[in-house]
Amino acid sequence: MADFSPRVRAVLGPTNTGKTHLAIERLLAHRSGIIGFPLRLLARENYDRMVAAKGARHVALITGEEKIIPPEARWFSCTVEAMPPARLQSVEFVAVDEIQLCADPDRGHVFTERLLGARGLVETMFLGAETIRPLLQRLVPQAVVETRPRLSQLVHAGPTKLARLPPRTAIVAFSAEEVYALAETIRRRRGGCAVVMGRLSPRTRNAQVALYQAKEVDYLVATDAIGMGLNMAVDHVAFAGLGKFDGHRRRPLGAAELGQIAGRAGRGMRDGSFGTTGTCPPLDDDIARAVEDHVFEPLGELCWRNDALDFSSVEALLATLAAPPPRRGLVRGNDAADLLTLIALARDAETHRLATGPARVRLLWEACQIPDFRKLADDSHMRLCARVFSHLVREGRLPEDWLAGQIESLARTEGDIDTLMARLAGIRVWAFIAARADWLRNAVHWQERARAVEDRLSDALHERLLARFVDRRASHLMRRLESTEGEELLAAVTRAGAVLVEGHEVGHVAGLTFHPDPDATADDRRLVLRAARRALGSEMPRRVAALTAAADADFIVASDGQITWDGVPVGRLARGAEPLRPRAEPLASEFLDGPQREAVRQRLQRVLDTTVQRELAPLFAAAAASASDAALRGPLHRLLETLGIAPGATATDGAPIGPALRGRLRALGVRAGQHALFMPALLKPGPQRLRGLLWAVDRGISAPAPVPPGRVAIAPPTGWPEGFAAAMGWVAAGPVLLRLDIAERVGAELARQLKHGPAPVPAGLASRLSVKTEHLSSVLRGLGFALVPAAACPDGGPALLAAPAAGAGRARAHRRPVRPPPPQASGPFAALAALRR
C-alpha cells in the first residue's frame, strides 16, 4: 500500500514543471498502474522509458494502432482513448496527462470520462494546466490540487525577422502550406530545419525531432502539434500566425493555447523566449503578459458525452449518445466522427437490417469508432466502417485477401511528401483494424505487416523531408562559422583544387579564382563564399607567392585573350596606350587584397611584354635598326602602328617606294609589295596568332579564331570584323582570301611573264594557289589579271596571260604601263588580258 493520501491528486501548472516526470515516478513506485497521454507519440516515448526501468516483459503499450501487451504486464502506457476500462478498475495507480483537454470540443468527452470515472485502487493523478482548477475542484471535490511552478522563465521577445531568428528556434505555423513555405525559406537562408506536424507518424516525427536534438539543424518548423509534451531543446518559439482552422472554422488562438505552445521554449532550468516572425502581427501586450506570467482565464465548461450506452437497438444507442449533460459545468461538444458515422449508417437500410440485438449494435458502434485518419471529406470512411461491420456480422472475421490488398496498396514508397503522408494516414487506419484481435484470424501477422508498412512509409517520408528541407552541408557550415568566429576552421585544398571546409566540399579553386559548388543555390552561395573566405585565408597568399616566382614558361598568352598559369586562367589582356603595349589585368577575385593583386598584375605584365617582344622580335629588331635612318623610320613606324602589316602602304611621302629603299627594307626583313608593306616572318603561326589578338584587344572586341597553319587560301570567314583580313595579311581575290606573301609572289611572277605581252597560264597555278580550277579566272581577276581569247597568244594556246589589271589593288597606279593585247584578240578561249580604268 502506498504511503500517501489522499487518493486523488491534481498536479497543475504551466509547461516545464516536471509533471509528467513526477507521474512516471509515482506509476513505477506502485505494483501496477496505467497512464494515459493525449498523443500516440507520447505514449510510445514514455513506454520506452518505462521499459528501460522495469523491463519489456512487465510494460505494455496500448494505442489505437499499436498494442504490445506481455502476459506479465503490470504497467501500461496508453493514449487516453485506448485506456482499457477493465484495467482501470484493477490497478493501483491511474494518471491522465493534459487533463485540460476535457474542454476540447472534439476529444474532450473522452478526457472528461476519465476525469469523472477513472480511479486507481491506491492513487489517481491528473496532470494539466491551471485553467481547469475551478471545474476540477467542483466536479472532483475529493481531489487535492497541487500547483507546480515553472522551472525556468519565459520572456516575450517581440517580433523578429525570419532571417534574424536565433538558433534553437521553433517556428510555429498552422497549416501544411505555411509549414512548407517557412521550411523552404529556412533551408535557403539557414541551411535547413526539422519539420513536425500532427499528420506525421510517430516514427517520422521522432526522426525529425532527433535531427533537431542532434543539432544537425538549428531550426524547427512545426504546427501546434509541438504544444503537447514534445520536450526539445528549444530556446525561442516564434509564431508565424495567431489563428488556425480547427476543423470547423478559422479562429484566433486563445492566450492559454498560445501559452501551451510558447511554453516549449526553455527546458529544465534554461530560460526561454517567444515572439512573432514573418508577416505575423505582434502579440497583444495583455496576451504576451499572460503568457509570461502563466495566468489565463479558467475554463468555463468541460465537454461530456454519455458513456452509459444502451445497445438494445440502434435507436436506443443514438438516444443515449444524445443524452444531455447531468451536471453544471458539463456541455455537449462537437459531434465526434464516430457518432456522425453511426448516424449515417443508421440511415442505411442494409446496415440497419444487420444491426439486430445488443451484440450486433455494440459491434456496429465499435466499427464506427475506427478513426478517420484520412479525412477525405467524402463518404469513403463511412463505407469502410459499413463494410467492416458487414464482414464481421456475416463471416465473423475480416477476409484476409481484402485486408492484404488494402495494406499492399499503401506499401509503395514513391511519391512526394503529401502523397506519403496520405498513405501513412491510410495505413494507420488498417493498423487500428489489425489491432482488433477479435476481428482477425491472424491478428499478430496483420499487426506486424501494418507496422512494417508504416515504418517503411515513415522512413521514406523522413528522407523526403530531409531532401526538401535540409542542406546538411550548409547547416553544418553555418553552425561552425557562427561558433568558431575568429577561430581556425578545419579546411584544406586538395591537389585537384577542391576546397574542403569541415569535411564538406564547398567548391574548387583554379589559379586565383574560387568557383563555388555549381549545385549551390543563390542563398547557399553566400554561405559557401563565407566559408571559403575563412578557408582560403592562407591558401591564396601561398598561390600568389608561387605565381610571382613562376618561370615565364609556366604562362601562356592564349588566343582568347586570357593569360594562363599552369593551364588555368589568371589574367586577361586589356587595351593599352598602343597596339603593341597591351595591359595585363588579373582576373577578378575577392580573395586577393590590394597588394596581392598588384603583385600578380606586375608579374603578368612582365609575361605579356616578354611574349610580345619574343613573338614579334623581327619587327622590333627592324625598328631598332632603322632608328638612325630617316628614310627607314617612316615605313617602320607605320609597321609598328599596324602590327607588322600595313595594307596598301607601298609609298612614302606620296611617292612609290623606289628600288633603293626597297632593297634596304628587304635587308631588314620588310617587303614592299603590290598589296602591302609587310614582314613575311610575322605571317608565321605564332606571330600571326598574337597579332590577331593584339589587333582585337586594341579595338575592344573578341579576337576571331586563328586560321589553321599552312593555309594558302580560305573562304572569307563570316563574322570577321572589318579590316581584320587585310591587317592579318589576307588579300581578297574573287571568292577567296589569299595569303599575302603568296599573293605577292605569284603576282610578281605573272607580271614578269606579261612584260612583253600575253603569255600562257602557268601550269599548276590553281594548285599553287589552293583554289579550284573553275575559280582560277575569278581569283586572277581579283589579283588584277584578266583572261583574253586564245587567239591572242602567239603560239595559239587555249589560255593566255595578259598584263595585270590597271584598276586592281591600291598600288596599281604605280606599276609600269604594260602594252595591251593586240586588238584582234577574240574568240571563245580564255586568256588573260590587261584591264584599264
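Residues numbered from 1 in each chain as written. Predicted model: local features only at pLDDT ≥ 70, side-chain atom pairs only at ≥ 80, totals over all residues. Heavy atoms only, no water.

Draft legend 1. Highlighting the overall build of the protein chain. If you tally the helices and strands in the protein chain, you get 29 helices and 38 strands. Split into buried and exposed, the 837 residues of the protein chain put 52% on the buried side. Partitioning the contacts of the protein chain with sequence separation of at least 6, the portion at a separation of at least 24 is 68%. Of the accessible surface of the protein chain, which amounts to about 37,500 Å², a share of 53% is contributed by carbon and sulfur atoms. (Helix = DSSP H or I, 4+ residues; strand = E, 2+ residues; numbered from the N terminus. Buried < 20%, exposed > 50% of the residue type's maximum accessible area, 1.4 Å probe, protein only. Contact = heavy atoms within 4.5 Å. Areas by Shrake-Rupley, 256 points an atom, 1.4 Å probe, with all protein chains shown as cover.)

Draft legend 2. Structural detail: the environment of Pro 252. Within the element layout of this structure, Pro 252 appears in strand E15 (residues 250-252). Note on Pro 252: relative accessible area 64%, which makes it exposed. Sequence separation of Pro 252 and Gly 241 is eleven residues, and the distance between their C-alpha atoms is 9.2 Å. Each residue touching Pro 252, except ones within four places of it in the same chain, is listed here: Leu 242, Gly 243 and Glu 257.

Draft legend 3. Representation of the sheet that holds strand E32 (residues 713-714) in the model. An order of E32-E34-E33 is seen for the three strands of this open sheet, with the pairing classed as antiparallel. Sheet topology places E32 and strand E33 (730-733) at the edges, where each strand pairs with a single neighbour. Alignment of E33 against strand E34 (residues 736-739), held across four bridges, turns out to be antiparallel. Directly across from Trp 730, in E34, lies its bridge partner Arg 739. Lying on the sheet, helix H27 (residues 740-753) is in contact with E33 and E34; it crosses E34 at an angle near 85°. (Pairing = 2+ DSSP bridges. Axes fitted to C-alpha atoms, helices over the stretch in contact; angles between N-to-C directions.)

Draft legend 4. Seen up close, the pairing of strand E5 (residues 75-79). Extensive coverage of E5 is indicated by the burial of five of its five residues. Burial of the side chains of E5 extends over both faces: Trp 75, Ser 77 and Thr 79 are buried on one face and Phe 76 and Cys 78 on the other. Two strands pair when backbone bridges link them, and strand E2 (residues 33-37) and E5 are joined in this way by five bridges, in the parallel orientation. What sits directly across from Gly 33, in E5, is Trp 75. Summarising the sheet, strand E3 (residues 59-62) and E5 pair through four bridges and their orientation is parallel. Looking across to E5, one finds that Ile 62 is bridged to Cys 78.

Draft legend 5. Examining the packing of aromatic side chains more closely. For the structure shown, the criterion picks out five aromatic pairs. Taken together, a centroid distance of 6.0 Å and an interplanar angle of 25° make the contact between Tyr 180 and Phe 469 stacked. With Tyr 180 in helix H6 (residues 176-190) and Phe 469 in helix H17 (residues 443-469), this residue pair connects regions lying 289 residues apart in the sequence. Overall, Tyr 180 belongs to the buried group, its relative accessible area being 8%. For Phe 469, a relative accessible area of 0% puts it in the buried group. Seen in terms of ring centroids, Trp 720 and Phe 724 are 4.9 Å apart; in terms of plane orientation they differ by 85°. Their pairing is edge-to-face. The exposure class assigned to Phe 724 is buried, which follows from its relative accessible area of 4%. Taken together, the ring pairs connect Trp 695, Trp 720 and Phe 724 into an aromatic cluster. When the ring centre of Tyr 212 is taken as reference, the NZ or CZ atom of Arg 168 above it lies at 3.8 Å. (Phe/Tyr/Trp six-rings, centres within 6.5 Å; stacked < 30°, edge-to-face > 60°. Lys NZ or Arg CZ within 6 Å of the ring centre and 35° of its normal.)

Draft legend 6. View of helix H14 (residues 380-395). Across its 16 residues, H14 extends 22 Å between first and last C-alpha, which sits within 8% of the 22 Å expected from 1.5 Å per residue. Inspection of H14 places Ser 380, His 381, Leu 384, Cys 385, Ala 386, Val 388, Phe 389, Ser 390, His 391, Leu 392 and Val 393 among the buried residues, and these make up the whole buried set. Looking at the buried residues of H14, the elements they touch are helix H11 (337-346), helix H12 (349-354), helix H13 (357-368), helix H15 (400-408) and helix H16 (417-434). Within two residues after H14, Gly 396 carries a phi angle of roughly 85°, on the positive side. (Expected span 1.5 Å × (residues − 1).)

Draft legend 7. Structural view of the pairing of strand E25 (residues 568-574). Bridge analysis of strand E24 (residues 562-565) against E25 gives four bridges, and the strand direction is antiparallel. Bridge pairing links Thr 564 to Pro 569 in E25. Between the antiparallel neighbours E24 and E25 lie two residues, among them Asp 566 with a positive phi of about 55°. In terms of strand pairing, E25 meets strand E26 (residues 583-586) through four bridges, oriented antiparallel. In the sheet register, Gly 571 faces E26, and the bridge partner there is Pro 586.

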